[in-house]
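Fold and contact review
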Amino acid sequence: MTIFPYKRVKVTEGLYIKQSNHFYYTDFGVRDSGEQRYTGRRYVNTGVPGTGFIERESESHSYHQFVRGYLNRQKPSYWRMLFGLEPSYSKELERARVALAAADHPLKRQILDCYVNALTIGRTEERLERVVRGIKDKIGHRSNKFLVSVLSHYKGKISQLEHDMQSVELHLKDTCTPEQYEAYQEMVEAFTGVAACRRIWHLNEDAKEKYVQVYFDLGIFDFMRSQSFIPVLRDSKGVHYYFLPTHILVARSTVDFDLVPIKGLTVVCQELAIEETVEVISSRLGDAASMVRIPEMDLTWYFNHVRPVMHFIGAYDHLRELQ
């Protein structure tokens with residue numbers, strides 16, 4: 001158990017710093033340091049290293065509350081640190097190794113194997129980030145060439161780790177054919193229009209309010225790398241659905257997930273007629289205009305738009321034809 005928020009650490013001969021014991025949140029392994037920052041949009045870690053989403057522009061007040069909920073949990077908290085509630089590379093690495101030993105699906109083993117390697121590198125980088133933060137605190141507003149040189153040394157180590165990280169991450173383009181990957185990128189582009197829908201509801205028969213508002217985003221799962229981020233659909237039961245080039249990854253956690261082949265999944269879109277929404281849906285969903293079902297997974301979502309949803313389903317069907 002960690003009791004103190006800082007510890008005294010020797011970083012070079014004659015130099016000691018106060019290193020924070022709090023987890024240091026970064027977008028390491030998510031996007032490159034030299035990469036354009038996507039018009040300033042933040043990467044939001046969802047509580048486990050290597051998994052999160054990119055905050056999108058939205059006028060939805062509830063979406064902003066949803067994002068702030070995760071960001072508030074990233075603020076340093078002594079009690080969260082004391083009780084081990086902050087993210088931990090070491091704990092996640094242990095869980096990932098156990099899951100890898102039990103995995104029997106080839107792609108699942110590949111994902112977890114890459115995840116274990118990525119976590120090993122990420123653990124080192126996160127520690128170095130806390131060292132860098134400690135050196136910066138020591139420098140303060142003073143000019144000190146010695147401290148700056150030490151700082152540059154540690155930043156160089158982090159840059160090297162960024163290159164190492166790319167070599168161990170699972171690249172989605174390596175899991176499919178070039179034609180499938182091209183169709184996948186088209187589907188991801190179409191998905192951005194669906195995620196931008198102001199309101200999305202998940203039909204949950206077990207909930208008190210059967211129609212529960214959820215949010216779709218582009219994100220990352222277990223440090224997987226793609227030309228674009230990965231479409232993530234959420235339901236109201238805490239399950240996340242990541243669309244990959246050949247499978248839908250059904251994630252209950254970062255190490256507890258199933259892989260369902262796209263080839264056998266039908267995604268059906270239906271525009272809602274006015275008479276359908278007036279009595280049953282309108283009182284709960286207001287301006288619902290379309291519905292998407294995945295019958296094989298017993299999933300149903302409602303949307304307040306039609307055109308972007310239809311466009312996405314068309315792109316998905318094209319990808320499915322290439323399986």
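Residues numbered from 1 in each chain as written. Predicted model: local features only at pLDDT ≥ 70, side-chain atom pairs only at ≥ 80, totals over all residues. Heavy atoms only, no water.

Quick notes on the pattern of salt bridges
In total, this model carries twelve salt bridges according to the counting rule given. Ionic pairing is found between Glu126 and Arg130, a salt bridge with its closest N-O pair at 3.0 Å. Here Arg130 and Glu126 lie together in helix H4 (residues 106–139), a separation of four residues that amounts to about one turn. A salt bridge links Asp206 to Lys237, with the shortest nitrogen-to-oxygen separation between them at 3.8 Å. (Salt bridge = Lys/Arg side-chain N within 4 Å of Asp/Glu carboxyl O. Helix = DSSP H or I, 4+ residues; strand = E, 2+ residues; numbered from the N terminus.)

Focus: the packing of helix H3 (residues 89–102) against H4
Across the interface, H3 lies against H4 with an axial gap of 9 Å and an inter-helix angle of 165°. What the angle tells us is that H3 and H4 run roughly antiparallel. The two elements H3 and H4 cross, and the hand of that crossing is left-handed. Between H3, through Tyr89, Ser90, Glu92, Leu93, Ala96, Arg97, Ala99 and Leu100, and H4, the contact on the second element is made entirely by Arg109, Leu112, Asp113, Tyr115, Val116, Leu119, Thr120, Gly122, Arg123 and Glu126. Among the residues forming the contact of H3 with H4, the class breakdown is nine nonpolar, three polar and six charged. (Axes fitted to C-alpha atoms, helices over the stretch in contact; angles between N-to-C directions. Parallel < 35°, antiparallel > 145°, perpendicular 65-115°, else oblique. Left-handed = near helix turned anticlockwise from the far one by under 90°. Contact = heavy atoms within 4.5 Å. Nonpolar A, V, L, I, M, F, W, Y, C, P; charged D, E, K, R; others polar.)

Focus on the environment of Lys210
Tracing the backbone shows Lys210 in the loop between strand S5 (200–203) and strand S6 (211–214). Its relative accessible area of 34% is what places Lys210 among the partly exposed residues. Between the C-alpha atom of Lys210 and that of Ser236, which follows or precedes it by 26 residues, the distance is 9.6 Å. A distance of 3.2 Å separates polar atoms of two side chains, one belonging to Lys210 and the other to Glu205. (Buried < 20%, exposed > 50% of the residue type's maximum accessible area, 1.4 Å probe, protein only. Polar contact = N/O pair within 3.5 Å; in protein donor to acceptor, adjacent residues only side chain to side chain.)

Details of the sheet that holds strand S7 (residues 217–220)
If you trace the seven strands from one edge of the open sheet to the other, you get S3-S4-S7-S8-S9-S10-S11, paired in antiparallel fashion. At either end of the open sheet lies a strand with only one pairing partner, and these are strand S3 (43–48) and strand S11 (257–261). Each adjacent strand pair in this sheet contributes to an overall mean axis angle of 30°, direction not counted. In this sheet, strand S9 (residues 240–243) lies alongside strand S8 (residues 230–234) in antiparallel orientation, the contact comprising three bridges. Within S9, the position partnered with Leu233 by the bridge is Tyr241. (Pairing = 2+ DSSP bridges.)

Notes on the nonpolar core
Grouped together as the largest cluster of nonpolar side chains are 90 residues, with contacts concentrated most on Phe216, Met224, Tyr241, Leu249, Trp301 and Phe303. In this structure, Met224 is in contact with Ile111, Leu170, Leu172, Ile230, Leu244 and Leu249, ignoring residues within four places of it in sequence. The next biggest cluster of nonpolar side chains, apart from the first, holds eight residues, and it includes Val44, Phe66, Tyr70 and Leu71. (Core = buried A, V, L, I, M, F, W, Y, C linked by side-chain atoms within 4.5 Å.)

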